[in-house]
Structure formats: structure tokens, C-alpha cells
Amino acid sequence: MSTTAAFPWGVPAYDSLSGPTYLTAQQLVQQVGYALASKIYSYSSEGDDLDTAVAQWNKEGVLNGYGRLPVLAKMQSRSGAGAMVLGDFFSIEDFKQKYPAPHAVIASTQTLATMQPILTQLALLYSAATPFVAHVSASDYSAANAALVANYASALYAAQETGVSLISSSSAHEIQHMALFASLISSVTPAIHVYDGVRLARESCQVVDVLDAAAVKRTYTQLIQAQDAVGKKVDAAERISKILNNLNSELGTNYGLFEYEGHAEAEQVLVVFGSTEARIARRAAAELSKAGQKLGVVVVRVYRPFSDKHFLEALPASVKKVSVLGQVADKDAVAQAYTQSALYADVVAALATSSVNASVKDIKYSTEKVFTIGDIADYLGAPSFDFFAGEEAVQYVHWDVDATATAAAPAKVAKLLSEVSGKNVSFNAVFDNLSQAGIIQTEIRSTKSVVEAPFAIENADVVVVQDAKILNSYDVLGAAKEGAKVLLRTSIKDADYEKKLPAGFRRAVAAKKAELYVLNVAELGEKSEASAETDAVALQLAFLKVARPELDLAGAAEKVAALNSEDAKSILPAVSKIVENLAKGLNKVEVPATWAEAEVAQELPTTIRANSTEANTEKEIEERVGETSKWHEAAKGLLFKEAYETKASIRPDLPERNFIVKVKSNKRLTPADYDRNIFHIEFDTTGTGLTYEIGEALGVHAHNDRKEVEDFIDFYGLDASELVNVPSREDPAYTETRTIFQALLQNIDLFGRPGKKFYEQLAEFATDEAERKQLLTLASAEGTTEFKRRAEVDTIHYVDLLHEFKSARPAFGQLAQIVPPLKRREYSIASSQKVRPNQVDLLVVAVDWRDPTGRDRYGQATRYLSRLEIGDELVVSVKPSVMKLPPKDTQPIIMAGLGTGLAPFRAFVEYRAWQAAQGIEIGKVFLYLGSRHRREEYLFGEEWEAYLDAGIITILGCAFSRDQPQKVYIQDKLEENLVDVKEALLEGNGSFYLCGPTWPVPAITEVLSKAVTRNGVEEMKEEGRYVLEVY
Ligand SMILES: Cc1cc2nc3c(=O)[nH]c(=O)nc-3n(C[C@H](O)[C@H](O)[C@H](O)COP(=O)(O)OP(=O)(O)OC[C@H]3O[C@@H](n4cnc5c(N)ncnc54)[C@H](O)[C@@H]3O)c2cc1C
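The shown structure was predicted, so the numbers you read here are calculated from the model rather than taken from an experiment.

Rules used in this analysis
- Residues numbered from 1 in each chain as written.
- Predicted model: local features only at pLDDT ≥ 70, side-chain atom pairs only at ≥ 80, totals over all residues.
- Heavy atoms only, no water.
- Helix = DSSP H or I, 4+ residues; strand = E, 2+ residues; numbered from the N terminus.
- Buried < 20%, exposed > 50% of the residue type's maximum accessible area, 1.4 Å probe, protein only.
- Contact = heavy atoms within 4.5 Å.
- Core = buried A, V, L, I, M, F, W, Y, C linked by side-chain atoms within 4.5 Å.
- Pairing = 2+ DSSP bridges.
- Axes fitted to C-alpha atoms, helices over the stretch in contact; angles between N-to-C directions.
- Salt bridge = Lys/Arg side-chain N within 4 Å of Asp/Glu carboxyl O.
- Polar contact = N/O pair within 3.5 Å; in protein donor to acceptor, adjacent residues only side chain to side chain.
- Right-handed = clockwise from strand over helix to strand, strands pointing away.
- Near = heavy atom within 4 Å.
- Areas by Shrake-Rupley, 256 points an atom, 1.4 Å probe, with all protein chains shown as cover.
- Nonpolar A, V, L, I, M, F, W, Y, C, P; charged D, E, K, R; others polar.
- Arc of directions from axis to C-beta.
- 1 Å grid on protein atoms, 1.4 Å probe; cavity = no way out; pocket = protein on both sides within 12 Å on 5 of 7 lines; lining within 4 Å.
- Points joined across faces, edges and corners; volume = space filled by probe spheres on them.
- Domains from an automatic or database assignment.
- Phe/Tyr/Trp six-rings, centres within 6.5 Å; stacked < 30°, edge-to-face > 60°.
- Lys NZ or Arg CZ within 6 Å of the ring centre and 35° of its normal.
- Parallel < 35°, antiparallel > 145°, perpendicular 65-115°, else oblique.
- Left-handed = near helix turned anticlockwise from the far one by under 90°.

Colleague: Got a minute to help me understand the overall build of the chain in this structure?
Modeller: Scanning the chain from N- to C-terminus turns up 38 helices and 38 strands. By principal-axis analysis of the C-alpha atoms, the chain measures approximately 100 × 80 × 55 Å. Relative to its full complement of 1031 residues, the chain shows a buried share of 57%. Sequence-distant contacts, at least 24 apart, represent 77% of the contacts inside the chain between residues at least 6 apart.

As C-alpha cells, this is what we get:
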């Protein structure tokens, strides 16, 4: 149980979780998961602490409620590990019979998108699956804001799209119950339990009635049995409501699918989901309605299934105006009039079919919004209110830089306060690793009773600043109350305060009538060279002295020693010495009246934005800024986008709409020793606005090979960082300034195949007459055979010609004129945006060959794509395509894909499965695929089989040409099903699609003619029901 800067009470022992306990909400979620699940899939990434406790308990061999050691499967959150998880849920071993507990998934909303296909399929085939419960921390990284954000929106949209249940927790005090509730729901539908992952999950506080693991298991078992009695005929919402009622009876709680708080005759009601906003809104409604205001709040606990009936029951009959506070993806979505929040859509639908006569307003907010009490009061159209009325709340804010020895001091202080004050203490640490190379802001609240307040302190009683340099970047008193105490740890001498303390800080101290205390550790005693540890202890003691002057510090010395060392006795004398000398180094400053007039140059932020969950380990940023090469100037622009107003565009020259996407995963699908490298690459499109239709292709703007570019620069004697104007070939009126290196990497097709024209143009630069002549001959009719050999057999590049014809040396600018620009390559999109909203997938075969001289040659784009790593960025555009689904969903589709020709069909099938999950009637789906060997090239094989089992794919025809003595091709498989094919195409008016290489086209068309006649094929072509995409 070690204290860290983020967690004062560390990771609790599994058995210690019982009754009043200091912990985090995240730990309670893990306790329920551990107590009940046979298997826990963790999608926790470095630093997000989603599975820290289960990992520790598992390592210690702690047995769960079933006397088992749960399997902890650590999943790659960024790769497509979904298929494997899916397999487990449909494993033959029937856990349901012998071991009726769900498999649990621990994840953040950041990884929810990767899980969406699993959720869709699970919801479809749930009766045959092991119960599934996912505990999802609503947290994501917003690159636009460089901040961690509580992203609920994607969970709501995922639930809307996939048909899983979604419930929320809004405080640490209810999270254990909700984790249990979600586990129980999983006996009815797949269940997602979502909670704020930025604040709520990580805040430490005291929960008074923690159920121990045995009670969790006992309650679960009893309620599962009670659930069986409900009967399966009742609809899902009703069954879930019954489960909740049973849970209430068991725990003595009063949870509802929707919970109302406020005036009995409220005219104005705010509907909310989430944690911060829900907690503030509840409190506001309670306080303001007490004061006679006719308003109320409906908190949505169960978002899916959305029970209109229960929602309407929760609304007071007197309501005239309903406002829905709903989260959307980002600021753009807030601004777009046509974007609605997911919650709003449900509320409107429920009211539309009811007798309630109220107006509905959509109040959208983006994931980056951080709520204050004032915000919620505004939404309610009410004056602000005292959230902590009657609580004797004392609030402390600490500011520290990075991972210093004093960084954990606030956590120790929090623990100490909980021990000495007998009050309820809560603690939350926020890390901003981008500001001043790492700032930590910690908040401690102490209240008489348990208060659920997962939002930032707005009226601090005491502010502690552990390094004066923080004052240059933050208004540390912005969230302090009038008359607050400020403790500043600094070695600045009193005479220099005027000069060295920033004007903004001095003015704020005066304006807030704050009491300012300065701790100068060096003056605590003769031993001026205080060690880091004594420094930290001094700070804790100074804090107690300032914040709790009534405490007997000498009496607290033992506790302080115990908090700071495992061998408390050994440091006790040092601690006592500091107590004794504290007065020497801790001084109250007489604030001069002139500080009120200090001139303030700029407004500073009052709080930090979390962009990490731990202290900064990257210390290079400041050093990088100092470097001066041209390259580093460019890098600076990229590192500090806002300051340098760098446009987020890697290829500003290209005319079509480009998007910058990030590689999410890049996996080779064929074995490493197999001669063809076919890979599946996933791009993250979050925040880009990229949208695509089923069947469309992705235009990829690949780079040349870096090493080849560098070699050419050396060979040609160029200066890589020299700036040049490169014409954009796609829009010749446009030129852009680039460095030579950038131009060669991204603009110029120097490693492509030269046409005759280039030979001719190069001849103009040849100073050697023989070379000039040879080039001209090669470009002429006379040289055609030799030219063809060079192009098709030797496969030479532009660069090869420059090597060969040494006297031809166009200057770089001239070269850029005669070598064409790099062309975008297209790839069929292998995913459906319905299933993967923030993702686009490709299936690519790497192109390579060996030339007659033994040199390895590579396709320009596929080499680049195959080497991309997770997190790499790429410029893409969306290309329209002929591959469109038939107009009616019930029209059959017959698809034939060879090798990577399967790509668009994965999108087709995913989309059909999604439709089926929504209850939309879909037509028959025939899929024929061809490759050489099942073992090496059964691309997406597991998925096809799962879809076949689920009844989405009607016929799956696999032609593995070389798996048997005689060759079997797609056309053979198609022929085996002539009757079905005929029926689907003629009677069902179905469409046929063929994608991949051109060679099977005649044979396949022949088979189709057998089914529908030659004329029939022609008619299908005319009607657009015979679609080819060959490349
Ligand atoms: C609508 C559409 C959808 C597509 N979908 C997919 C898909 O889903 N998956 C997929 O893998 N592909 C797909 N393609 C093909 C893809 O666009 C590319 O053509 C392919 O990946 C090769 O690109 P590359 O840049 O790696 O090779 P390139 O550099 O373009 O080389 C391609 C070929 O040109 C020849 N060549 C290249 N350089 C030279 C030279 N110097 N001298 C002589 N010959 C040379 C070689 O024979 C080589 O095989 C699709 C194409 C289209 C039009």
C-alpha cells in the first residue's frame, strides 16, 4: 500500500476492501470484476491504471469469489485483438452451465471503437455466448486540446449502434453497485458500464459501505437466481428494471433506470448523463428546489435499453421545458446545427410518443468541456448555489513541478488529514506534462460527511505552491476564496519579492486579501543543504502549520515520520528537528498595499488540463527548442503548433480533401516465411472528419523510401535542407516551398518508371555527346525494343538513368520539372464506418520483385504502407467507387474476391451484420474467395466463419487453388451453387461483384452466363448489378 503522487492510499489488498475504506472508484470496479469473472480482458494502456489492482491481486495469487484465480488477459488496445476475444466468448466450453459468471473487459472509451465489431456480433449472437460485461472508463486523449477528456459520447454512440446495454456510475459511492448491476445485466444482453475516467476513476476518497468480495459474489449469485424467475418473455428493459429492483432490495438502495431530483412540480427539467454534470445537477436541483425554484433533474442511469416508459415516469407531470445536456465528439459537433447528442435523440423520441406537452432543447457540450457549478446553474436558468452547504468543507490546492521529491507531499498530507481530522478526505492529482516540462496540480477536500463532488475546486481555503516558477504560467489564486492562505515554497528573499514574484501573483494576493506564507527550507536550521526528503517533510509540516494552526505539530511528528519512511523511527529525530525549527523558515509576508496596483500583462489559466496520468519522463522538449538547424526550425513548428500557427496539413499542395490519419495497427496476415506479404492496416480517423461510404476506396499519399532519398541526395551533391519551389502537378498553377529532402520524399516520383519523354528531356542536359545521342535514340521509334526491355525487364528508375548518364545533370529545380509528381495509390476500404466509426481499414499486398541484376525492387506505396508503425501519420483522401450496395437492403449480394479483392467485401458484410443487429431485414449474402492456400492466405477467415455461423453470410465458397492436387478456383465454387446463384440474381434481383486481379474475369463471367444466360449478364451490366473493380 505505497503512497504515490497520484494515489495516497496506493493499491488496497483484496481482502481489505470492506466497510469504510479509502480507495478509488477504479479499484472498486476491479474488485467486482475480479470477484466475479473467470477471465478479465484488460485493454489498459501504460499509465491509465485500469488494471493495476487486478494485476497485483492476480500476481499475488488471490483467489476470487469462486475460489478461482481469474485469468488476466492483457490485450493490445490498439491492435485488432477483437477477433480473439470474440472467439473466447463463443468458445465451446460452456461457462454458463458450470460457472455462471461473465467474462469481464476493462477498457477506456479510447479503445471502445476497436471493440465495436465484437459488440455488434455479440449482441447478434448473444444467446450462444458467455455473458459479457465491459467496465469502461470514459477517457480519451484529445490531440486538438492536448488533454485527457472524459469521452462518454463514443460509449453512447456505440450502444446505439450495437444494441448492447449501457449504464453509468456517477460517483465512487455507487460504482461498486453499478459494476455488480452491469454484471447482472450481462445475463440479459452484453453490458457496458461506463464512468468518468479522468476525474471520478482516479480520485481517492472514503467509501463507507464497501461490500467485501464475498458479499459481491453472494449478492450476484442470489440475484442471478432471482433473475431466472423473471422469465425470458419480458422485454430487455423490463428485465433490467427488475434486476435493479432486486438489487435495491438487497442493498437497501434506491436506484432507478432514470432518477429524478428536484421540485415535485417542476416546470423545467434538465436531463443528464455522466458523472460531473450529474452530481452537480442533482445537488443543484436539491438545493434550488428547496428554495422554491420549480426545477428538477433526470439523471439517466440506464441509457440502453432506453425505456421510454421509465423515462416518462421519472418526469414530473408539471414539466413544460426539457433541456437535454448531451455530450458530442468535439467543438465542431457542438457548432454544427445538424449534429444532435445521442441522448437528445432518445429523449425527443420518448416525448414524441407521449402525452407530455413540453419543449425540448438540445444543450450540446464537447468531450473537452470541464463543468463548473456555475455552468450547471446556468443551464437550469438559476442563480449559483452553495454545493457544500452545511458540510464545513475545507479545500486545498497544491501546485508542484514534475516528479520532484515534494511531488508526493500532497498525497501524504491527504492521508495525514484523514487520520488526524476524523473528516472525510478526497484527493485528486492532475498531470500536465506539456507545461513547464511537467506540472502537477492536486486537490484535497475535507468534509464532515461523505460528499460526492468529482469536479475541480473553485473556492480553495489554502493554496500551496511548491515552486515559484509556476507563478509565471498559472493564476494559482484563480480558484481560491477571498482570504485564502497561500503557502509558497521558495528561496527568494523578502527584499526581492517585489522584483521576483510575478505581478499577476502579487496583484491576486492583494485582490483576494490572501494571507501569504513563504517557506524557505534553507533557513530551517544549521544544516542548510536540506535533502530532498527533509524538504518534502518540511513542506508537509509547513502546510499543517498554515492550514491547521490548531494542530499540535510535535504530536503529529510520529505520523509524519511514518508517512515518509518505512523505518519511521530512523527519521523521527529529523522530523522533530524540523518541527522545532519550522518558525525559522516559515514566514508570514506583510503584503504591501502597492501589490493591488501591480500591472498585469496577461491573464493566466487558473487550472491545468490533464494530459497524462503520471509525471513527465520526457525531459527533452526544452533542449530541442534551443537547436538552430533549419530542420529543427521546422520541427519546432510541429512541436509547438499553436505558437507557430502550423497548419495541420502534411501535403498542402494537393487539391482534393485530404485527411491526416494515424496508424492504429499494422499486422501481417500471411506467415513471415510466406512469399507474399499481405497485411491488414487500420487507421484512426478520430477528429479528422473523414467519412466514407461502403465500397469506397482510400487514396493514399505514400512517401518515397527515406534511405533511397538520402542516398540520392549524397550522390547528386544536394543540400537536403535547401528550400525549393516545387510545382504541384495536380494543380500546375500552384507551387509550394519545401526543402529538397521533403520534395524528394513526398512530391517527386524519382523512383518510378521513366517514360520516353524523360529520356528526351534528359538528353537536353547531357554534355557528353555520346550520352545525348543514346538518350535520344532510346526515346525514338528506333529504340523501342531497347526502351521496352529497360522498362519491363530491367525495371529501371529515374535515378538509375541519372547514374547511367553521368553528364546529364539537371539542377534540382529542373529535375523537379521533368520528373512527374508522385501519384496517390488507391485501396478499397475494408471496413464499415457504422461498425468502426473512427477507423478505416485496408487489406494490402506488398508489391516487390527482383530485377535481372539481382536488386530487390518494391512498389512505392505498398513498401511505405507495410513499414508504417502504430502512431505514424499518413495523408489520405476518399475516392468514390463503382462498388455500391444495391438500393434495397433485401436484394441479395454475390461477391467474388481474389486475394486483396476481398477488402471491399469485408466492408459489405460488416455493414450487413450491423443492419441485421439493428433489426433491419437483409438479403442473402454469398461470398466467394480465392487464394492459394488456406493455411497462409485465408484472409479474415475467422470473421467470415463467424458471420456464416451468425447467418449473415448465406453461402461461403472458399477456393484455395493449391490445397489439393487439382486447381480449384472461384469460378468452380460459384458453379457448385448455380441454382442458388440463379435464384439470387434472377428472382431476388441481386447484384454480383468481382474485385481483385483481372485474370479470372472471363471464367467467372462464363459461369454467371450459365446461371442467368449471356443476355442476363448483359442486362445485369446495364442495370449496374454486375460490378467489377479490378486492378
Ligand atoms: C480502385 C482500386 C482499389 C484497389 N484496392 C486495392 C486493395 O484493396 N489492396 C491492394 O493491395 N491493392 C489495391 N489496389 C492496387 C493499388 O492501388 C496499387 O496499385 C498497388 O498496391 C501497387 O502500388 P505500389 O505503389 O506499391 O506499386 P507501384 O510502385 O505502383 O508498382 C506497381 C507495379 O508497377 C511496376 N513498376 C513499378 N516501378 C517500376 C519501374 N521503375 N519500372 C518498371 N515497372 C515498375 C511493377 O510491376 C509493380 O508491380 C487497388 C487499385 C484500385 C484502382
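Now that the structure is up, let's keep going.
Colleague: Sorry, what's going on with the nonpolar core here?
Modeller: Burial of nonpolar side chains together is a common tendency in soluble globular proteins. Within the largest apolar cluster, 101 residues are counted, with the highest numbers of intra-cluster contacts made by F181, Y303, F311 and L343. No other element matches the nine residues that helix α7 (residues 172–185) contributes to this core. Not counting residues up to four positions away in its chain, the partners in contact with Y303 are L156, A159, Q160, L166, F273, A342, L343 and D346. Counting residues in hydrophobic clusters, the runner-up holds 45 residues, among them W9, Y22, V464 and L519.

Colleague: Looking at this structure, I do not really get the sheet that holds strand β33 (residues 873–879). What am I missing?
Modeller: Where strands meet in a sheet, backbone hydrogen bonds hold them as pairs that are either parallel or antiparallel. Strand order across the open sheet formed by six strands is β29-β26-β33-β24-β25-β30, with antiparallel pairing between neighbours. Of all the strands in the sheet, just β29 (825–828) and β30 (839–845) have a single pairing partner and so form its edges. Between one strand and the next, the sheet's axes are offset by a mean angle of 40°, whatever the strand orientation. Inspection of the sheet shows strand β24 (residues 659–668) paired to β33 by four bridges, in the antiparallel sense.

Colleague: I tried to follow the pattern of salt bridges on my own but got confused; where do I start?
Modeller: Side chains that differ in charge, positive against negative, can pair when their charged atoms come close. For the structure shown, the criterion picks out 58 salt bridges. Among the ionic pairs, K320 bridges to E267, the shortest N-O distance being 3.7 Å. Of this pair, K320 sits in the loop between α11 (308–314) and β15 (321–328) while E267 sits in the loop between β11 (258–262) and β12 (268–272); the two residues are 53 residues apart in sequence, bridging distant segments of the chain. Overall, the relative accessible area of 51% leaves K320 in the exposed class. Residue E267 is classed as partly exposed on the basis of its relative accessible area of 32%. Put simply, D675 and R932 hold a salt bridge, and the shortest N to O gap is 3.7 Å. With D675 in the loop between β24 and β25 (678–684) and R932 in the loop between β35 (925–931) and α33 (934–937), the pair connects residues that are 257 residues apart, well separated along the chain.

Colleague: It is not clear to me how the side chain of S831 should be interpreted in this structure. Could you clarify?
Modeller: Within the secondary structure, S831 is located in the loop between β29 and β30. On the accessibility criterion, S831 (0% relative accessible area) is buried. Only 2.9 Å separates the side chain of S831 from the side chain of Y692, close enough to count as a polar contact. At 3.0 Å, the side chain of S831 forms a polar contact with the backbone nitrogen of D841.

Colleague: In this structure, what is going on with the pairing of strand β2 (residues 39–42)? I would like to understand it.
Modeller: Side-chain direction in a regular strand flips from residue to residue, so the side chains alternate between the two faces of the sheet. On β2, burial covers both faces: K39 and Y41 on one face and I40 and S42 on the other are all buried. Summarising the sheet, β2 and strand β3 (residues 71–74) pair through four bridges and their orientation is parallel. Note that in β3 the partner of S42 across the bridge is K74. Handedness of the crossover joining β2 and β3 through helix α2 (residues 52–59) is recorded here as right-handed. Inspection of the sheet shows β2 paired to strand β4 (residues 103–108) by three bridges, in the parallel sense. Residue pairing in the sheet places I40 in a bridge with A104 of β4.

Colleague: What am I meant to see in the site of the ligand here?
Modeller: Near the ligand there are 23 residues, and of these R825, E826, Y827, A861 and T862 occur at the shortest range. Isolated, the ligand exposes 950 Å² of accessible area, and the fraction of that covered by the protein chains is 76%. Counting residues per element, the shell around the ligand draws most heavily on β29, at four residues. The residue makeup of the shell around the ligand, split by class, is 11 nonpolar, eight polar and four charged.

Colleague: Explain the sheet that holds strand β16 (residues 359–366) to me, please; I cannot follow it from the model alone.
Modeller: Strand order across the open sheet formed by five strands is β11-β13-β12-β15-β16, with mixed pairing between neighbours. Two strands close off the open sheet at either side, each with one partner strand: β11 and β16. Across the sheet, the mean angle from the axis of one strand to that of its neighbour is 20°, orientation sign disregarded. Both β12 and β15 contribute to a ladder of five bridges, which runs parallel. In the strand pairing of β15, V272 is matched with L325.

Colleague: Teacher, can you tell me more about helix α17 (residues 503–511) here?
Modeller: What sets the pattern is the α-helix's 3.6 residues per turn: residues three or four places apart point alike. Taken residue by residue, α17 has F505, R506, A508 and V509 as its buried positions. For α17, the arc enclosing every buried residue in end-on projection is 165°, short of the 170-degree limit, so these residues lie on one face. Residues of α17 that are buried make contact with β21 (480–489), α16 (497–500) and β22 (515–519). Backbone geometry just downstream of α17 places K513 in the positive-phi region, at approximately 50°.

Colleague: Got a minute to help me understand empty space enclosed by the protein in this structure?
Modeller: Sizing a probe to match a water molecule and rolling it over the atoms shows the empty space that remains. Taken as a whole and judged by the stated rule, the model has seven cavities of 30 Å³ or more. What the largest cavity holds in volume is close to 210 Å³. As for the largest cavity, its lining consists of 18 residues, and the residues nearest its centre are C205, S426, V451, E452 and A453. Sorting the residues of the lining of the largest cavity by element identifies α7, β10 (204–210), β18 (424–432) and β19 (439–447) as the ones contributing at least two each. Counting residues per element, the lining of the largest cavity draws most heavily on β18, at three residues. Of the residues belonging to the lining of the largest cavity, the class tally is eight nonpolar, seven polar and three charged. Looking at which domains feed residues into the lining of the largest cavity, each of domain 1 (23–251) and domain 3 (411–448 + 463–597) supplies at least three.

Colleague: Explain the packing of aromatic side chains to me, please; I cannot follow it from the model alone.
Modeller: The description of an aromatic ring pair rests on the distance of the ring centres and on the angle between the ring planes. What the rule picks out here adds up to 30 aromatic pairs. For the ring pair F306 and F311, a centre distance of 5.8 Å and an interplane angle of 45° mean the geometry is tilted. An aromatic cluster is defined as three or more aromatic residues linked by ring pairs; in this entry it consists of Y152, F258, F273, Y303, F306 and F311. Here the guanidinium or amino end of R867 rests over the ring plane of Y858, the centre of that ring lying 6.0 Å away. The aromatic ring of F940 is capped on one face by R906, whose charged end is 4.4 Å from the ring centroid.

Colleague: How should the environment of D848 be read in this particular structure?
Modeller: Within the secondary structure layout, D848 lies in strand β31 (residues 848–850). Among the residues examined, D848 registers a relative accessible area of 45% and is labelled partly exposed. On a C-alpha basis, the gap between D848 and T862 in space is 8.7 Å, while along the polypeptide they are 14 residues apart. If we skip the residues at most four places from it in the chain, D848 touches R857 and Y858.

Colleague: Got a minute to help me understand the packing of helix α6 (residues 153–162) against helix α13 (residues 342–352) in this structure?
Modeller: Axes are the key here: two packed helices are described by the angle between their axes and the distance separating the axes. Running from N to C, α6 and α13 cross one another at 50°; their axes reach a closest spacing of 9 Å. Regarding the angle of α6 to α13, the classification is oblique. Here L156, Y157 and Q160 of α6 lie close against α13, whose contacting residues are A342, L343 and D346. In terms of residue class, the contact of α6 with α13 is built from four nonpolar, one polar and one charged.

Colleague: Explanation requested: the environment of G901 in the structure shown.
Modeller: Inspection of the secondary structure puts G901 in the loop between β34 (893–898) and α32 (903–917). Residue classification places G901 among the buried positions, given a relative accessible area of 0%. Not counting the four nearest positions on each side in its chain, G901 is found in contact with C995, G996 and Y1031.

Colleague: Before we go on, may I ask you to explain α2 in this structure?
Modeller: Those residues of α2 not exposed but buried are A53, V54, W57 and N58. Seen along its axis, α2 keeps its buried residues to an arc of 130°; they face one direction. Close packing links the buried residues of α2 with α1 (25–36), β2, β3 and β4. Positive phi shows up at G61, right after α2, with a value of about 80°.

Colleague: What exactly am I supposed to notice about the packing of helix α15 (residues 409–421) against helix α19 (residues 553–564) here?
Modeller: Remark: α15 packs on α19, axes separated minimally by 10 Å, with the N-to-C direction vectors making an angle of 140°. Viewed along their axes, α15 and α19 adopt a mutual orientation that is oblique. As for the relative orientation of α15 and α19, their crossing is right-handed in sense. The residues of α19 that touch α15, namely those facing K412, K415, L416, E419 and V420, are K559, V560, L563 and N564. Counted by class, the contact of α15 with α19 contains four nonpolar, one polar and four charged residues.

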